[in-house]
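Fold and contact review
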Amino acid sequence: MTRFFKRLGRLSLWTLLLALTAWGAAALWFDGPASRPLAGALALAYVLATLALPRLLRPKRHAWAAALVPFVLVLGWWLSLAPSNARDWLPNVARLASAEIHGDRLVVHNVRNFDYRSETDFTPRWETRTYDLSRLRGLDLHVIYWGSPSIAHTILSWEFDDGQRLAASIETRTETGESYSAVRGFFRQFELYYVLADERDVIGLRTNHRKEDVYTYRLRTPPARARALLLDYLRTVNRLVDHPKWYNAFTDNCTTTIRMHAGNSMGAIPLDWRWLANGYLDELLYEKGVVNRSMPFAVLKSLSYINPKAQALPLDDNFSHA
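**A closer look at the pairing of strand β1 (residues 98-102)**
As defined by bridge partners, β1 adjoins strand β2 (residues 105-112) across five bridges and the pair is classed as antiparallel. Bridge pairing in β2 links Ser98 to His109. The hairpin formed by β1 and β2 contains two residues between the paired strands, and Gly103 there has a positive phi angle of roughly 65°.

In structure tokens, the structure reads:
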């Protein structure tokens, strides 16, 4: 029995060491030198050094402690990498939004309202818009699928009774020549970016040009709570102007940030696996009574599918109302 537990302990140590080694090698590969050969050489050297130490050093307890040293060094370097707002950004993320709040008067700068002819052919249009927070009436959640039913992109949109809407999409800020990668999203490859936009931009782009599947749900959120949530969003938006932050596909993505903002403004939000497998977030909200429960969920989801109607519409100023 003693021998069994010793073997189990060694297996656990090796499993942990292999996991840490794999992460460190990936961090050096993705976030290390721009030269791929050099990054590869550093990653390989890190792996060989880490895995050799437990076999070469004695006594064993010292060997295992020494094996953690390369990981600690890589982690310290990785945490020191600083995000920046000064890069050669793609046109659709070229400007940062910011907001001024004076009582009920909200002024948002750099609201994105591009004129799209296709996903890649567009006329940039950044606008300054004014909203009356006392006229805030509703909050919608858009759940967008492009592949796996388990993974989606989520966008919140605030509705005002004068017909205006302000949508917020939390994304990666990509540079010229760069494209999003789910794997790279777990490392320090992209800055965090809040798109504040007209719905004809962030929703119409996805329904009419990218042909992604979009489901729109009216949330049963009182105006006071919707306002508190929006103000918490805007605090982060303004902070990012001077203090950029890394995007992370696990901790700071389009949906976990919604949970963070909701927790800041409304109180603790219980943990649930569907905040990560966010393709099922609408199902979670249905269970919690946050969306319409007067019909079975399958019926609600079917009615919430907006692509046929959206694709029949021009992407004009009447898009949201229609």
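**Details of the pairing of strand β9 (residues 191-197)**
Across the seven residues that make up β9, a large majority, seven, are buried. Neither face of β9 is left uncovered, since the one carrying Glu191, Tyr193, Val195 and Ala197 and the one carrying Leu192, Tyr194 and Leu196 both have all their residues buried. The pairing of strand β8 (residues 165-173) with β9 spans seven bridges and is antiparallel. In the strand pairing of β9, Ser169 is matched with Val195.

**Thoughts on the nonpolar core**
Ranked by size, the top nonpolar core spans 46 residues in total, and within it Leu106, Leu156, Trp158, Phe160, Leu196, Leu230 and Tyr233 carry the most contacts. Per element, the largest residue contribution to this core is eight residues, and it comes from helix α6 (residues 223-242). In contact with Leu106, not counting residues within four places along its chain, are Ala99, Glu100, Ile101, Arg129, Thr130, Tyr131, Leu133, Leu230 and Leu234.

**Thoughts on the pattern of salt bridges**
Taken as a whole and judged by the stated rule, the model has 25 salt bridges. Note that Arg235 and Asp232 form a salt bridge whose closest N and O atoms lie 3.3 Å from each other. Here Arg235 and its partner Asp232 are both found in helix α6, three residues apart, which amounts to about one turn of the helix. What makes Arg235 partly exposed here is its relative accessible area of 47%. On the accessibility criterion, Asp232 (8% relative accessible area) is buried. Its salt-bridge partner being Glu283, residue Arg274 comes within 3.3 Å of it at the nearest N-O pair. According to the relative accessible area criterion, Glu283 is partly exposed, its value standing at 28%.

**Focus: the packing of α6 against helix α7 (residues 256-266)**
It is the contact of α6 with α7, at a shortest axis distance of 9 Å, that shows an interaxial angle of 120°. Comparing the axis directions of α6 and α7 gives the class oblique. Note on packing geometry: the crossing formed by α6 with α7 is right-handed. The residues of α7 that touch α6, namely those facing Arg225, Ala228, Leu229, Asp232, Tyr233 and Thr236, are Ile258, His261, Ala262, Asn264, Ser265 and Met266. Considering only residue class, the contact of α6 with α7 consists of six nonpolar, four polar and two charged.

**Observations concerning the side chain of Asn248**
Relative to the elements of secondary structure, Asn248 occurs in the loop between α6 and α7. Using a relative accessible area of 15% as the deciding quantity, one classes Asn248 as buried.

**Points about a nonpolar patch on the surface**
Taken together, the side chains of Phe186, Phe250 and Leu276 present a nonpolar region at the surface, about 300 Å² in accessible area. Following the sequence through the fold, Phe250 ends up in the loop between α6 and α7.

**Quick look at empty space enclosed by the protein**
A full pass over the atoms with the stated rule returns two cavities of 30 Å³ or more. The volume enclosed by the largest cavity comes to roughly 40 Å³. In terms of lining residues, the largest cavity is bounded by Leu96, Ala97, Tyr194, Val237 and Leu240. Residues that form the lining of the largest cavity fall into these classes: five nonpolar, no polar and no charged. Size it by volume and the second largest cavity reaches roughly 30 Å³. In terms of lining residues, the second largest cavity is bounded by Asn85, Leu96, Arg173, Glu191, Leu192, Leu240, Pro244 and Lys245.

About the criteria used
- Residues numbered from 1 in each chain as written.
- Predicted model: local features only at pLDDT ≥ 70, side-chain atom pairs only at ≥ 80, totals over all residues.
- Heavy atoms only, no water.
- Pairing = 2+ DSSP bridges.
- Helix = DSSP H or I, 4+ residues; strand = E, 2+ residues; numbered from the N terminus.
- Buried < 20%, exposed > 50% of the residue type's maximum accessible area, 1.4 Å probe, protein only.
- Core = buried A, V, L, I, M, F, W, Y, C linked by side-chain atoms within 4.5 Å.
- Contact = heavy atoms within 4.5 Å.
- Salt bridge = Lys/Arg side-chain N within 4 Å of Asp/Glu carboxyl O.
- Axes fitted to C-alpha atoms, helices over the stretch in contact; angles between N-to-C directions.
- Parallel < 35°, antiparallel > 145°, perpendicular 65-115°, else oblique.
- Left-handed = near helix turned anticlockwise from the far one by under 90°.
- Nonpolar A, V, L, I, M, F, W, Y, C, P; charged D, E, K, R; others polar.
- Patch = residues over 30% accessible without salt bridge, like charges linked within 9 Å, V, L, I, M, F, W, Y side chains within 5 Å.
- Areas by Shrake-Rupley, 256 points an atom, 1.4 Å probe, with all protein chains shown as cover.
- 1 Å grid on protein atoms, 1.4 Å probe; cavity = no way out; pocket = protein on both sides within 12 Å on 5 of 7 lines; lining within 4 Å.
- Points joined across faces, edges and corners; volume = space filled by probe spheres on them.

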